[in-house]
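Below, each chain spelled out in residue letters.
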Amino acid sequence: MAEQQQQQQHQGCELDQEQFCCPVCLDLLKEPVSLNCGHSYCSSCIEGYWDQYEDTGVYSCPQCRESFSPRPVLRKNTLLAEVVMKLSSTGAQQSAASSAAPLYAGPADVACDLCTRARRRKALMSCLVCLASYCETHLQPHYNAPVLQKHQLVPATNKLQEKMCSTHGKLMEVFCRTDGQCICYLCTMDEHKGHDTVSAAAEKAEKQKQLVTSQEDVKQKIQEKKKELKDLRQAMEALNSSAEAAVEASDRIFSELMVSIERRRSELKELIRDQQQTAVAQTEALLGQLEETLKQLERRHAELEELSKSNTDDMFTFIQSSQSLSSSSGPPVSPSVVICPLRSFTDVTDVVSGLRDQLDNILKTTWPEISKRVCAVDVSHPSEPQTREDFLQYSYPLSLDMNTIHKHLSLSEEKRKMTLTRQQQPYPDHAERFAVSAQVLCTEGLSERRYWEVERSGYGVDIAVCYKDINRHIWFGYNDKSWCLQCSGKGYMFRHNSVQIKVSGPLSSSRVGLYLDHKAGTLSFYSVSDTMTLLHTVQTTFTEPLYAGINPWHYGDTAELCKTW
């Protein structure tokens, strides 16, 4: 009896808590404020909602759509705050006392179709026959009632209608191999009559066999790639060792050459100095002899001149003096010296200059061959992609990061396609979510060779890559951590660090391909159609893994991550 009363109290508390939940975040009110229309919200929720319509100057209630202008000044509802505080305290105590508290469906969960409460419980299973999803309580008849036990149950999913034939409203349990699509039994009698059809279960089994075969092929390729990786690493180690050895040998050879040249330079210098001393000594000896002979000749000349000028009348005396001068031997005659002005060290300089020219010619002639040999050394690496098939070899599965997506981006096509809408989506608050621009990042960090494609429609879209820590309040391309290609019906524009470059390219194709070679520091944008047309290439040094990003411009614009893998 006490337990029943506790359950009744618990149910009453649940009802009360639901009445005091914020219609935006679906949690108990935090700092509650009330509008003139009577509806109450969390202060941060209604302020954040109105911030999106700041440019219009008209602000409305998300529930009743009553408009207010100018923007109301909100004040805390103290009465509601006290009630919510008590409810929160009571709910925490009851949650600790009862481990069987119901689980309510969140924005990303499947809600029970039979729950009639304002907050429906989380569905555990979906029935392919009933085409409905059930929580733990409402699922019990499928376990207990014999007529329902034969129904096919699957984990809870929101895609039940996708399993139904849009023409006949029947479960699609047949696979048409002719058209490659799932159909119902009635379709086999109408538009698919005579086609190659099997049960969906048989096709699944066949696909599973093909999957096993594909797994084996991939496994074999993994082994091959591991061997290539090992061989490539060994080749790289050998290359490094060879390069170090070549540098050391080249240094040694040039050092020996320079030592040999220095030795010859010293020998030539010494030889020139020795020859200079010998020649100077010989010349100085000749100079002495010539100077002594010159003095004697000058003295003899003076005596003869004095005798010739004498006016003596004594003939006998003149004759004797003349005979005395004539009989003397006179000064010794030194050998004549022949001067050769062209025989100098200029010839040596010419020979050394010729040696220098010969060495220069040898270096000029040999260097191209040396450079060619150096450039010929390389380690095998994948060639650059040329065709779309080549690019698709580097396709990589990308998924959108739900923690970053802006609340005005609606998702479809397995969460690969986004549409910019006026209606705010019920995404929970997150520190990494874009708050200003309608942008979203992908989950996967890219640090190898990767290729992916984006299909766009509408007025325009930004297709970008960026680092993980990009500012969540700035558009792509307006900082040094993002690289963005603007695509619209008017053309293309590349933007990085707020610098824009006009890009020419075909406007007929709505698909853009991105090829990243992280290690090489290249990022290329292509227009994808029957051929690959290069739009723009970035050459830089990437210091961190990159993340793909997308930003539709106007309401109704769409962008889709193409499934190329």
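Quick caveat, the model's predicted, so the values are computed rather than measured.

### Focus on the overall build of the chain
So, step 1. In terms of regular secondary structure, the chain is built from nine helices and 23 strands.
So, step 2. The buried share of the chain, reckoned over its 565 residues, is 29%.
So, step 3. Excluding contacts between residues fewer than 6 apart, the proportion of contacts in the chain whose partners are at least 24 apart in sequence is 55%.
So, step 4. Within the structure as shown, the chain displays about 36,900 Å² of accessible surface, and the carbon and sulfur contribution to it stands at 54%.

### Some points on the packing of aromatic side chains
So, step 1. All chains considered together, the criterion is met by 11 aromatic pairs.
So, step 2. Ring centres of phenylalanine 391 and tyrosine 515 lie 5.4 Å apart, and the angle between their planes is 80 degrees; this geometry places the pair in the edge-to-face category. With phenylalanine 391 in helix 9 (residues 388-392) and tyrosine 515 in strand 19 (residues 511-517), this residue pair connects regions lying 124 residues apart in the sequence.
So, step 3. For phenylalanine 391, a relative accessible area of 1% gives the class buried.
So, step 4. Of the residues examined, tyrosine 515 reaches a relative accessible area of 3% and is grouped as buried.
So, step 5. The rings of Phe391, Tyr394, Tyr451, Tyr515 and Tyr526 are connected pair by pair, giving a single aromatic cluster.
So, step 6. When the ring centre of tyrosine 396 is taken as reference, the NZ or CZ atom of arginine 450 above it lies at 4.0 Å.
So, step 7. The ring of phenylalanine 434 has arginine 472 lying over it, and the distance from NZ or CZ to the ring centre is 5.1 Å.

### Some points on the pairing of strand 18 (residues 499-503)
Two faces make up the sheet, and in a regular strand the side chains alternate between them.
So, step 1. Across five bridges, strand 17 (residues 491-496) lies against strand 18 in antiparallel orientation. Considered in strand 18, the bridge of phenylalanine 494 is made with isoleucine 501.
So, step 2. Linking strand 17 back to strand 18 in an antiparallel pair, the connection comprises two residues, with asparagine 497 at a positive phi of about 55 degrees.

### Comments concerning the pattern of salt bridges
So, step 1. On inspection of all chains with the given rule, the structure shows 20 salt bridges.
So, step 2. Among the ionic pairs, arginine 511 bridges to glutamate 453, the shortest N-O distance being 3.0 Å. Of this pair, arginine 511 sits in strand 19 while glutamate 453 sits in strand 14 (residues 449-457), and the two are 58 residues apart along the sequence.
So, step 3. Between lysine 481 and aspartate 469 there is a salt bridge whose closest N-O contact spans 2.9 Å. Taken together, the positions of lysine 481 in the loop between strand 15 (460-466) and strand 16 (482-488) and aspartate 469 in the loop between strand 15 and strand 16 put the pair 12 residues apart, joining distant regions of the chain.
So, step 4. With a relative accessible area of 29%, lysine 481 lands in the partly exposed category.
So, step 5. Its relative accessible area of 43% is what places aspartate 469 among the partly exposed residues.
So, step 6. One salt-bridge network, held together by shared partners, links Arg388, Glu453, Glu455 and Arg511.

### A short note on the sheet that holds strand 10 (residues 197-199)
So, step 1. On the basis of which strands lie adjacent, the open sheet formed by three strands has the order 9-8-10 and antiparallel pairing. Every interior strand has two partners, whereas the edge strands, strand 9 (181-183) and strand 10, have only one. Pairwise comparison of adjacent strand axes, ignoring direction, gives a mean angle of 35 degrees for this sheet.
So, step 2. In this structure, strand 8 (residues 174-176) lies alongside strand 10, joined through three bridges in antiparallel fashion. Paired with valine 174 across the bridge in strand 10 is serine 199.
So, step 3. Contacts between helix 6 (residues 200-309) and the sheet are confined to strand 8 and strand 10, with strand 10 contributing the most and set at about 90 degrees to the helix.

### Examining the environment of cysteine 165
So, step 1. Structurally, the position occupied by cysteine 165 is in the loop between strand 7 (153-155) and strand 8.
So, step 2. Each C-alpha atom, one on cysteine 165 and one on cysteine 182, is 8.4 Å from the other, the two residues being 17 residues apart in sequence.
So, step 3. With residues near it in sequence (within four places) discarded, cysteine 165 still touches Lys170, Met172, Cys184 and Cys187.

Thresholds applied
Within every chain, residues take consecutive numbers counted from 1 along the sequence as written. In keeping with the model being predicted, local features are shown solely for residues with a pLDDT of at least 70 and side-chain atom pairs are shown and tallied solely at 80 or more, while totals for entire chains, interfaces and linings include all residues. Only hydrogens and water are set aside; all other atoms, that is, all heavy atoms of the structure, feed into the side-chain values. For helices the rule is a DSSP run of H or I covering at least 4 residues; for strands it is a run of E covering at least 2, with both sets numbered from the N terminus onward. Each residue is assigned to one of three classes by its accessible area relative to the maximum for its type, calculated with a 1.4 Å probe on protein chains only: buried under 20%, partly exposed between the two thresholds, exposed over 50%. Should any heavy atoms of two residues lie within 4.5 Å, those residues are counted as being in contact. To be clear on the numbers: accessible area is Shrake-Rupley with a 1.4 Å probe, and residue cover counts the displayed protein chains and nothing else. Centres within 6.5 Å are what make two rings of Phe, Tyr or Trp a pair, Trp counting through its six-membered ring; a difference in plane orientation under 30 degrees is then read as stacked, over 60 as edge-to-face, and the rest as tilted. The criterion is that NZ of a Lys, or CZ of an Arg, lies within 6 Å of the ring centre and within 35 degrees of the ring normal, and then a charge sits over that ring. Between any two strands, pairing holds if DSSP finds at least two bridges. Salt bridges are defined by distance alone: a side-chain nitrogen of Lys or Arg within 4 Å of a carboxyl oxygen of Asp or Glu. Here an angle of 0 to 180 degrees is reported between the N-to-C directions of two axes, which are lines fitted to C-alpha atoms, with helices fitted over the stretch in contact.

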